[in-house]
Amino acid sequence: MTADVEQLRAISQGLTSLNGSGDLPEVKVQFRTGEDVYEAAPETPDWLWHGYIAAGATTLFSGSQKSGKSTFLFALMRAFLDGHTRFVGHDVRPGRVILLTEEGDGTLRPKLEHITPTGRRDLRVLGRNDVAMNPLQWTQAVHAACIEALDTGARLVVIDTFAFWSKIQDENDTAGMQMAAAALAELTASDLGVVIVHHHGKNAEARENGNASRGSTSLPASVDIIVDLFRPEPFGNDEVPSNEREIRSIGRYPEIPEILRVALDGDGTYRAVMEGTKDEVRQASAEQRVTEWFMDDWAGTHSVADMSRDLGLSKGTVSKACKKLIDEGLVERIGEGNRARFRWVQK
């Protein structure tokens, strides 16, 4: 058996020489057992924002240009910096944040207005103006962010945008994108939560879940969590409110929500509207529409056919919404069969 092992070792060294790397120094590495890994890892991720950002993991946050990425991002950072424990219905572990941004001071100022002075002092920023005269290589920028986070006790590093800081010339270059993503290992190995911001590619809505970002699919394949920001698709005859956005997520952890619908309020904060699978969100949206229909004419009676026609929803969807409202005691049924009508219960 020993002879066989030595023979295989010699073959391996020969192949290394054929690949042109025979002169590389031998590197000592230590493998661990599966049991070692199992015991070392926490039972659940160390969530910084539950379901979306974890310590030691990378989140890819993508959206189309001018879709509200920065507005949402700064609202999220506000939650971390101002000591909030919840953001759009999910737990947050507040703390300092490191931000690498492609923006200059002039465009950053209005986005910082909603953050308290104390919170702004806990935000460490490296912006476009700061590196204009002394450009950093990608690995230098990552290292600088890591050192700043460790020195200040920050747990979250936000890189906005990945394209600006990584200086990738060809985003369709699979190897180049993989190498750029690999550089983030310095941050995750230091148990930091990392968010990289990227743009959506063309026809993002038509792409499979998780592959909407621009360029090579090697980038989404390299991260742990993918969060895509979309304008919600119209459902039925009514337009979706302009202040609503839909967060669609996928990743390596089971706790990641599939869809979260959020709305931006006038004070710059976001609130959760609905959450669930695609089918659950569509049904919840239908129930909301049917509820509003009843409240607009609370004294009248309505058939499923009437509501289906005017709301642009299927009869099955309307019937299911009415049944839930009946179960909740908000609507009552009058009559049976196809002639049945429904009306709002006055309280």
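Scroll up to find the structure.
Quick look at the structure, then. (Residues numbered from 1 in each chain as written. Predicted model: local features only at pLDDT ≥ 70, side-chain atom pairs only at ≥ 80, totals over all residues. Heavy atoms only, no water.)

Here we look at the overall build of the protein chain
The following threshold applies: Here a helix means four or more residues in a row that DSSP labels H or I, a strand means two or more in a row labelled E, and each is numbered from the N terminus. When we talk radius of gyration, it's over C-alpha atoms, and the globule rule is simply 2.2 Å times the number of residues to the 0.38. Buried means the residue's accessible area, taken with a 1.4 Å probe over protein chains only, is under 20% of the maximum for its type, while exposed means over 50%, and partly exposed covers the values in between. Note on contacts: a residue pair is in contact if any heavy atoms of the two residues lie within 4.5 Å. Here the positive residues are Lys and Arg and the negative ones are Asp and Glu; neither His nor the chain ends is included. Charged side chains are reduced to one point each, which is NZ for Lys, CZ for Arg, CG for Asp and CD for Glu.
Helices and strands together make up the secondary structure of the protein chain, namely 13 helices and 15 strands. Computed over its C-alpha atoms, the radius of gyration of the protein chain comes to 26 Å, more than 25% above the 20 Å expected for a compact globule of 347 residues. Considered along the principal axes of its C-alpha atoms, the protein chain spans approximately 85 × 60 × 40 Å. When each of the 347 residues of the protein chain is scored for burial, the buried share is 42%. Taking as baseline every contact in the protein chain between residues at least 6 positions apart, the subset at least 24 positions apart corresponds to 63%. Within the protein chain, the 51 negative side-chain charges are centred at a point lying 6 Å from the centre of the 39 positive side-chain charges.

Considerations on the nonpolar core
The following threshold applies: In this text, buried Ala, Val, Leu, Ile, Met, Phe, Trp, Tyr and Cys residues form a nonpolar core when linked through side-chain atoms within 4.5 Å.
Core analysis: the biggest nonpolar cluster contains 39 residues, and Trp 49, Met 77, Phe 87 and Val 158 have the highest contact counts within it. Sorting elements by how many residues they give to this core places helix 3 (residues 69-81) first, with 9 residues. Discounting chain neighbours no more than four positions away, the residues touching Met 77 are Val 97, Leu 99, Leu 123 and Val 158.

Things to note about the packing of aromatic side chains
For clarity, the cut-off: Pairing of aromatic rings covers Phe, Tyr and Trp, the last counted by its six-membered ring, and requires centre-to-centre distances within 6.5 Å; plane angles under 30 degrees mean stacked, over 60 mean edge-to-face, and any other angle means tilted. Definition used: whenever NZ (Lys) or CZ (Arg) falls within 6 Å of the ring centre and also within 35 degrees of the ring normal, the charge is taken to sit over that ring.
Within the structure shown, the criterion is met by 10 aromatic pairs. Consider the rings of Trp 47 and Tyr 253, whose centres lie 5.3 Å apart with planes at 75°: the pair is edge-to-face. Taken together, the positions of Trp 47 in strand 1 (residues 47-49) and Tyr 253 in the loop between strand 11 (244-251) and strand 12 (259-264) put the pair 206 residues apart, joining distant regions of the chain. A residue is classified by how much of its surface remains accessible, and Trp 47, at 9% relative accessible area, is buried. With 5.6 Å between their ring centres and 85° between their planes, Trp 138 and Phe 162 make a pair best called edge-to-face. Taken as a pair, Trp 138 in helix 6 (residues 138-152) and Phe 162 in helix 7 (residues 162-166) lie far apart in primary sequence, 24 residues in all. An identical accessibility class is assigned to Trp 138 and Phe 162; each is buried. Members of the aromatic cluster, connected to one another through ring pairs, are Trp 49, Tyr 52, Phe 61, Phe 72, Phe 87 and Tyr 270. The ring of Phe 230 has Arg 248 lying over it, and the distance from NZ or CZ to the ring centre is 4.0 Å.

Observations regarding the pairing of strand 10 (residues 225-230)
The line we're drawing: When DSSP finds two or more bridges between a pair of strands, those strands are recorded as paired.
Of all 6 residues making up strand 10, 6 are buried, and the element is well covered by its neighbours. Residues Ile 225, Val 227 and Leu 229 of strand 10 are buried on one face, and the alternating residues Ile 226, Asp 228 and Phe 230, pointing to the opposite face, are buried as well. With 5 bridges connecting them, strand 3 (residues 58-63) and strand 10 associate as parallel partners. Following the sheet pairing, Gly 63 is matched in strand 10 by Leu 229. Sheet topology note: the strand 10/strand 11 ladder contains 6 bridges and is antiparallel. Looking across to strand 11, one finds that Ile 225 is bridged to Gly 251.

Things to note about empty space enclosed by the protein
Formally: The way it works is a 1 Å grid over only the protein atoms, where trapped points that fit a 1.4 Å probe form a cavity and open points with protein on both sides within 12 Å along at least five of seven lines form a pocket, and then any residue with an atom within 4 Å of a point lines it. Grid points are joined across faces, edges and corners, and a volume is the space filled by probe spheres set on the points. Each residue gets one of three labels, nonpolar for Ala, Val, Leu, Ile, Met, Phe, Trp, Tyr, Cys and Pro, charged for Asp, Glu, Lys and Arg, and polar for the others, Gly among them.
Going through the model one piece at a time under the given rule, you end up with 1 cavity of 30 Å³ or more. Volume-wise, the largest cavity comes out at about 70 Å³. Around the largest cavity sit Trp 49, Tyr 52, Ile 53, Thr 59, Phe 61, Phe 72, Leu 73, Leu 76, Val 195 and Val 227, which together line it. Taken together, the elements giving at least two residues each to the lining of the largest cavity come down to strand 3 and helix 3. Considered class by class, the residues forming the lining of the largest cavity number 9 nonpolar, 1 polar and no charged.

So, the side chain of Ser 285
With respect to the helices and strands, Ser 285 occurs in helix 11 (residues 278-296). Judged by relative accessible area, which is 10%, Ser 285 ranks as buried.

Some thoughts on the environment of Gly 34
The residue Gly 34 is located in helix 2 (residues 34-40) in this model. Residue class for Gly 34 comes out exposed when judged on its relative accessible area of 56%. As a C-alpha pair, Gly 34 and Lys 66 span 32 residues in sequence and 45 Å in three-dimensional space.

Considering the sheet that holds strand 9 (residues 193-199)
One key point about sheets: their strands pair by backbone hydrogen bonds, in either a parallel or an antiparallel sense. Let me state the cut-off plainly: Axes here refer to lines fitted to C-alpha atoms; in helices the fit is confined to the stretch in contact. Angles between the N-to-C directions go from 0 to 180 degrees.
Read across the open sheet, the 9 strands follow the order 7-6-8-9-3-10-11-12-13; overall the sheet is mixed. Two strands close off the open sheet at either side, each with one partner strand: strand 7 (123-126) and strand 13 (270-276). Ignoring strand direction, the axes of neighbouring strands in this sheet form an average angle of 20°. Bridge analysis of strand 8 (residues 156-160) against strand 9 gives 5 bridges, and the strand direction is parallel. Residue pairing for strand 9: Ile 159 is matched across the bridge by Ile 196. Its contacts with the sheet place helix 6 against strand 6 (97-101), strand 7 and strand 8, and it is angled at close to 160° to strand 6.

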